[in-house]
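One-letter residues, chain by chain:
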Amino acid sequence: MIDQFKLISLELLLAVLAIGVLSLRLLIRGIGPRLEVGVVGFGLGGLLILTLSGAIPNGLGFGRVFLNSDAVLAFKALFVLSGFLVTLLCWPFEGEGNKPLLPPKYNAEALALMLVSVLGMCIIVSARELVLLYVGLEMVSLPLVILTAFNTKDHRSSEAGMKYVVYSALSSGLLLYGLSMVYGMAGSTYLDIISQRLTLSWLSILSSVFILSGVGFKVAAVPFHIWTLDVYEGAPIPVTAFLSVASKAAGLALLYKIVIQPFGEVIFSWQLLVAILATLTMTFGNLAALHQNNMKRFLACSSIAQAGYILVGMVNPEPFGRAAVIYYLLVYIISNIAAFGAVIAIANATGREDMRDYVGLSISNPKLALVFMLAMFSLAGIPPLAGFIGKFYLFAAAAKLGMYWLVLVGTINATISLYYYLMVVKWAYLVKPDAHASPLQVFNIPFVHRFVLFVVTVGMVLVGIVPHFIRWAQVVAGSAL
Amino acid sequence: MGILSTIVLVPIVAVILISLVPESRPAWIKRIAFIAAGINLCLATWLLIDFTIKVLHADSGGASTALALEYVERYHWFEKLGIDYFMGADGISVLMIFLTAIVIFCGVCASWDHSYRVKEFFNFLFLLVTGVFGVFAARDLFLFFLFYELAVLPMYLLIGIWGTGPREYSAMKLTLMLMGGSALIFLGILVLYFESGAHSFSMVEIGRAGVSESTQRWLFPVMFFGFGTLGGLWPFHTWSPDGHASAPTAVSMLHAGVLMKLGGYGCLLSMYLMPKGAIMWSGLFLVLTTINLFYGSLIAVKKTDLKYITAYSSVSHCGLILFGLGTLNSVAFQGAVFQMYAHGLMTALFFALIGMIYGRTHTRYVTEMGGLLSVMPWLGCAYFVGGLAGLGLPGLAGFIAEIQVFMGAFSVDSPIVKILTVLAASSVVTTAVYMLRALTKMFYGPIQNSEHAKLTDANLVEKLALVILVFLLGFSGMFPGWLMKIISYSLNPIMAQIQQIKLISGI
């Protein structure tokens with residue numbers, strides 16, 4: 001019994017942390033958002049160390065429905081890492097003229113909802129059974145819907161919440177329908193049994209299409225991406241950051257679990273399908289990003305494109321490809337958090353979200369501008385930043401199968417993406433401040449926020465140069481997921 | 001740590017040191033930059049001399065197809081991907097490293113008067129130089145590509161922030177076109193890795209393993225166009241005139257002087273890795289580069305903006321490099337590599353002078369200048385030497401390169417190549433037209449603008465840069481023998497491969 005609880009210790013502690021932060025204000029009077037962020041930050045930091053330290057045992061438990069392996073724990077570490085970084089980005093700014101991004105009164109609720117969402121993601125990657133998996137999925141989506149609509153006074157936020165709930169219900173419906181067909185064919189809800197019993201038939205193809213569309217919504221893969229732009233724009237920026245990193249990573253894990261693994265042996269051309277999905281996603285994301293000026297919409301498009309690159313690596317189901325995906329997820333999380341960190345800092349201090357208003361950033365806040373530029377370059381895949389070797393690895397995974405056309409599509413897309421990433425750099429660096437009505441002035445960034453930016457910036461450089469991170473990805477990718 | 005790593009590391013250390021100096025002390029920043037560039041120049045000179053001694057003592061190399069590398073450093077980096085930190089130099093890279101060190105040293109001298117955002121300027125400049133040194137020293141394709149991109153990207157900021165004219169447009173165009181080229185190279189590297197089955201990105205191993213003929217057939221043009229974009233190959237050269245015209249002095253010097261040579265260097269590399277592809281496609285590239293030579297020089301005749309004249313002449317001269325490579329003839333190959341070196345010195349000299357002249361007269365239009373020789377004799381004389389080297393006057397470095405390329409090309413046993421050579425060689429005439437016309441308009445005749453009479457000549461730092469460049473142009477033009485020895489020694493493996501294939505297939 002104790003062993004079983006050890007297996008789910010991370011999930012238990014996440015639940016405890018979520019309940020704890022909610023009750024903090026009840027227990028101690030007059031507590032501010034800072035302490036809440038601090039508690040959750042420390043908690044998640046501790047959990048991250050716990051996950052990586054190897055203290056959580058590997059193995060199956062609870063009647064074969066719950067699996068922990070190196071790969072599963074690696075995904076969990078990625079979720080907890082993104083939760084940790086986003087939590088710290090919620091640290092309120094002080095001083096005059098600041099515009100808090102989340103209502104300070106409900107800070108604890110926001111953090112607790114995010115923790116529940118992380119918990120759901122952990123359940124998704126561990127689940128070996130469809131019902132548990134679906135419960136995890138809903139645990140991820142519902143808190144995110146609430147978080148998206150968190151700024152009740154902002155009509156964009158409410159609109160985004162509405163859109164998100166509709167689309168996520170639709171995708172859940174599609175997914176459930178597909179899963180029920182799978183159950184009908186295999187006669188079991190256990191994933192290992194399903195992958196043995198599935199055979200090639202019209203029904204299995206149909207169900208794989210339903211499941212793929214359902215998962216496609218979560219990953220925001222084209223053509224299932226329609227909700228992304230508006231939801232990302234309307235949601236409070238820390239929530240957008242969380243959506244774009246953690247929820248995307250969870251969607252990709254889901255793709256492995258319920259599309260590639262069960263159907264991989266059945267539908268022989270699924271690789272072509274994923275490759276087409278990747279091509280569409282990359283190309284659309286990049287083309288849509290060309291015209292965005294709002295930083296949130298811009299990063300939404302960029303994150304669609306990034307998901308496309310990851311799908312390129314997913315074409316290769318061997319450990320080689322999986323290692324590339326896990327490694328790139330790590331790279332993507334830190335690079336995207338760096339980008340969002342800078343956007344959050346600017347939005348908090350000045351309320352600006354339009355990249356054309358970033359003029360003068362490199363002169364008034366050179367360090368922040370540098371972080372921002374490095375984040376853009378890392379996302380664009382410029383060496384020696386982590387994004388470069390990450391993309392190299394992903395494309396190598398596709399090239400290993402001989403899909404050179406996909407590599408070419410990917411590299412051309414990377415060139416297109418460079419254009420818009422450079423556009424941001426242009427506004428921040430190239431345009432002279434006297435050419436703008438009100439260039440950005442010097443502003444203060446609180447210590448915690450600077451700490452996050454420092455960590456991710458060092459991360460972007462180190463992860464790309466030091467070989468240990470790739471070795472880690474290669475080691476964990478060998479185990480079952 | 002070996003000498004090659006040291007050379008790559010010195011600019012990085014300079015970047016770190018410069019970052020520590022407060023913005024309010026530009027003099028210190030410039031001093032650090034000057035010292036770092038000086039150290040690199042010393043190291044590169046030592047490298048060149050040491051390598052020459054090694055070559056003179058070595059036997060003639062024979063017909064080995066393995067790259068003859070010196071100063072090798074090799075450590076595992078990303079083992080499972082077959083990526084090593086692998087540095088090594090042959091004669092060509094030693095020469096190119098020397099050229100880079102010269103150009104950056106003179107570039108720092110030429111930007112001594114910089115005053116706008118000095119710290120960032122030198123930071124980006126040295127980052128760029130790190131990349132360039134790295135490309136020439138790297139022997140692992142991944143490392144090579146990493147440095148290659150590092151050499152291209154800072155250009156965006158350097159042109160975009162400190163440039164003149166339509167700087168944002170030029171910077172974006174340049175970056176995107178070059179990155180588009182590198183997208184092709186990226187694909188090429190991955191294909192080479194997986195198709196050769198060498199399980200290593202090292203050029204040595206991939207060269208030994210080789211790739212199949214059918215792969216070479218489609219992959220060679222991909223790589224060649226990728227590198228050709230940076231090498232100014234027509235019709236992918238359009239970034240170059242705009243970029244060079246908008247860039248600040250030191251950046252134009254580096255870019256036209258060294259960066260475009262990366263293209264030629266990369267083409268040479270892909271010829272080594274895919275000799276069969278090189279033979280299959282040489283005809284197409286000869287035609288394209290002949291257009292290069294002609295087109296560049298013809299447009300240069302039409303232009304009156306000094307930077308555009310030099311930029312188009314660069315397109316024409318870089319075409320000569322690729323033309324020499326396209327002939328697949330050992331003499332022309334030597335000439336092409338020598339042209340990389342000679343043209344690097346020439347263009348660096350030109351762009352340095354244009355920067356200095358513009359800094360004084362505030363115009364770059366030839367038509368608005370005149371009689372400047374009496375006002376600034378130093379700048380005038382240096383421009384004269386550069387111009388004469390550009391049109392290939394015997395005794396200067398440009399001549400040696402041109403004569404070898406054309407002689408080698410003409411000796412190829414094919415009437416079409418002979419015709420193309422004649423066509424290409426006649427572009428020398430147009431070169432003389434624009435060079436001499438610009439020279440006479442600018443420096444002779446009456447002074448056009450009375451303001452210009454009050455201008456001063458080059459200051460001490462500028463004179464230093466000019467003297468170095470002019471001296472080297474003359475010195476390597478008069479004593480090219482030892483440089484040729486290094487070059488031919490290092491070209492042996494590539495030529496041996498091509499000869500073998502030609503023998504086997506009976507071409």
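Residues numbered from 1 in each chain as written. Chains lettered and ligands numbered in written order. Predicted model: local features only at pLDDT ≥ 70, side-chain atom pairs only at ≥ 80, totals over all residues.

What about the overall build of chain B?
Okay, step 1: A tally of regular secondary structure across chain B gives 20 helices and two strands.
Okay, step 2: Over its C-alpha atoms chain B spans a radius of gyration of 22 Å, differing by no more than 12% from the 23 Å that the globule rule assigns to 507 residues.
Okay, step 3: Expressed along its principal axes, the backbone C-alpha trace of chain B runs to roughly 70 × 55 × 45 Å.
Okay, step 4: Residue burial in chain B is summarised as follows: out of 507 residues, 63% are buried. (Helix = DSSP H or I, 4+ residues; strand = E, 2+ residues; numbered from the N terminus. Rg over C-alpha atoms; globule rule 2.2 N^0.38 Å. Buried ≥ 20, exposed ≤ 12 C-beta atoms within 10 Å, placed from the backbone.)

Considering the overall build of chain A
Okay, step 1: Check the secondary structure of chain A and you find 20 helices and two strands.
Okay, step 2: For chain A, the C-alpha radius of gyration of 21 Å lies close to 23 Å, the compact-globule estimate for 481 residues.
Okay, step 3: Seen along its three principal axes, the alpha-carbon backbone of chain A occupies a region of about 65 × 55 × 45 Å.
Okay, step 4: Within the span of chain A, comprising 481 residues, buried residues form 60% of the whole.
Okay, step 5: In chain A, once contacts between residues fewer than 6 apart in sequence are set aside, the share between residues at least 24 apart is 80%. (Contact = placed C-beta atoms within 7 Å.)

Description of unusual backbone geometry
Okay, step 1: A cis amide bond links valine 222 of chain A with the next residue in sequence, proline 223 of chain A, at an omega value of 5 degrees.
Okay, step 2: Turning to its location among the elements, proline 223 of chain A is positioned in the loop between helix H9 (202-219) and helix H10 (228-234).
Okay, step 3: With an omega of 5 degrees, the peptide bond running from tryptophan 234 of chain B to proline 235 of chain B counts as cis.
Okay, step 4: Relative to the helices and strands, proline 235 of chain B is located in the loop between helix H9 (213-230) and helix H10 (239-246).
Okay, step 5: In this structure, arginine 64 of chain A is a non-glycine residue whose phi angle is positive, near 65 degrees.
Okay, step 6: Its identity as a non-glycine residue notwithstanding, histidine 199 of chain B has a phi of 55 degrees, on the positive side.
Okay, step 7: Overall, the presence of 14 C-beta atoms within 10 Å leaves histidine 199 of chain B in the partly exposed class.

Digging into the packing of helix H4 (residues 70-89) of chain A against helix H5 (residues 107-126) of chain A
Residues and elements named next belong to chain A.
Okay, step 1: One way to put it is that H4 packs onto H5 with a least axis distance of 9 Å and a crossing angle of 170 degrees. Between H4 and H5, the interaxial angle falls into the category roughly antiparallel. In contact with Val72, Phe75, Lys76, Phe79, Val80, Gly83, Val86 and Thr87 of H4, H5 contributes Leu111, Met114, Leu115, Val118, Met121, Cys122, Val125 and Ser126.
Okay, step 2: The class makeup of the residues in the contact of H4 with H5 is twelve nonpolar, three polar and one charged. (Axes fitted to C-alpha atoms, helices over the stretch in contact; angles between N-to-C directions. Parallel < 35°, antiparallel > 145°, perpendicular 65-115°, else oblique. Nonpolar A, V, L, I, M, F, W, Y, C, P; charged D, E, K, R; others polar.)

With respect to the interface of chain B and chain A
Okay, step 1: With 24 residues of chain B at the contact, the number on the chain A side is 24 residues.
Okay, step 2: Mapped onto the side of chain B that touches chain A, the elements with two or more residues apiece are strand E1 (70-78), helix H5 (141-152), helix H6 (154-162) and helix H7 (167-196) of chain B.
Okay, step 3: Of all the elements, H7 of chain B adds the most residues to the side of chain B that touches chain A, at twelve residues.
Okay, step 4: Looking at the side of chain B that touches chain A residue by residue, the classes come out as 18 nonpolar, three polar and three charged.

Let's talk about helix H3 (residues 33-53) of chain A
Residue and element names in this part refer to chain A.
Okay, step 1: Taking 1.5 Å of rise per residue, 21 residues should cover 30 Å, and H3 covers 30 Å from first to last C-alpha, within 8% of that figure.
Okay, step 2: For H3, every residue scored as buried is listed here: Pro33, Glu36, Val37, Val40, Gly41, Gly43, Leu44, Leu47, Leu48 and Thr51.
Okay, step 3: Just past H3, the residue glycine 54 takes up positive phi, approximately 85 degrees. (Expected span 1.5 Å × (residues − 1).)

Here's the deal with the environment of aspartate 230 of chain A
Residues and elements named next belong to chain A.
Okay, step 1: Its location among the elements puts aspartate 230 in helix H10.
Okay, step 2: C-alpha of aspartate 230 to C-alpha of isoleucine 28: the two residues are 202 residues apart in sequence and 38 Å apart in space.
Okay, step 3: Contact partners of aspartate 230, with chain neighbours within four places excluded, come to Glu159, Ala160 and Lys163.

Examining helix H11 (residues 249-273) of chain B
One turn of the α-helix equals 3.6 residues, which is why residues spaced by three or four share an orientation.
Residues and elements named next belong to chain B.
Okay, step 1: In this model, H11 (25 residues) spans 36 Å end to end at C-alpha, consistent with the 36 Å of a helix rising 1.5 Å per residue.
Okay, step 2: The axis of H11 is deflected most strongly, by about 35 degrees, at histidine 255.
Okay, step 3: Here H11 lies mainly inside the structure; 25 of its 25 residues are buried. (Bend = angle between axes of the 7 residues up to and from the residue.)

Considerations on the packing of H11 of chain B against helix H20 (residues 481-505) of chain B
Residue and element names in this part refer to chain B.
Okay, step 1: Contact geometry of H11 with H20 gives a least axis separation of 9 Å together with a crossing angle of 45 degrees. Compared by their axis directions, H11 and H20 come out oblique. Considering how the two elements wind past one another, H11 and H20 form a crossing that is left-handed. Along the contact surface, H11 presents Leu268, Met271 and Tyr272, while H20 presents Pro493, Ile494 and Gln497.
Okay, step 2: Classifying every residue of the contact of H11 with H20 gives five nonpolar, one polar and no charged. (Left-handed = near helix turned anticlockwise from the far one by under 90°.)

Focus: the pairing of E1 of chain B
All names here are of chain B.
Okay, step 1: In the sheet, E1 pairs with strand E2 (residues 83-89) via six bridges, with the strands oriented antiparallel. Bridging across to E2, arginine 74 finds its partner in phenylalanine 86.
Okay, step 2: Linking E1 back to E2 in an antiparallel pair, the connection comprises four residues, with glycine 82 at a positive phi of about 75 degrees. (Pairing = 2+ DSSP bridges.)

Looking at the confidence of the model for chain B
Reading fine detail from the predicted coordinates is not recommended where pLDDT is low.
Okay, step 1: Confidence in the prediction for chain B averages 84 pLDDT; 98% of positions are at 70 or higher.
Okay, step 2: Interface scoring of the predicted complex returns ipTM 0.88; its pTM is 0.91. (pLDDT = per-residue confidence, 0-100.)

So, the environment of threonine 215 of chain B
Residue and element names in this part refer to chain B.
Okay, step 1: Its place among the elements puts threonine 215 in helix H9.
Okay, step 2: Threonine 215 sits 20 residues away from glutamate 195 along the chain, and the two C-alpha atoms are 7.9 Å apart.
Okay, step 3: Not counting residues up to four positions away in its chain, the partners in contact with threonine 215 are Val191 and Glu195.

A word on the environment of glutamate 94 of chain A
Residues and elements named next belong to chain A.
Okay, step 1: Inspection of the secondary structure puts glutamate 94 in the loop between H4 and H5.
Okay, step 2: Given 9 C-beta atoms within 10 Å, glutamate 94 falls into the exposed group.
Okay, step 3: For glutamate 94 and asparagine 348, which are 254 residues apart along the polypeptide, the C-alpha to C-alpha distance reads 9.4 Å.

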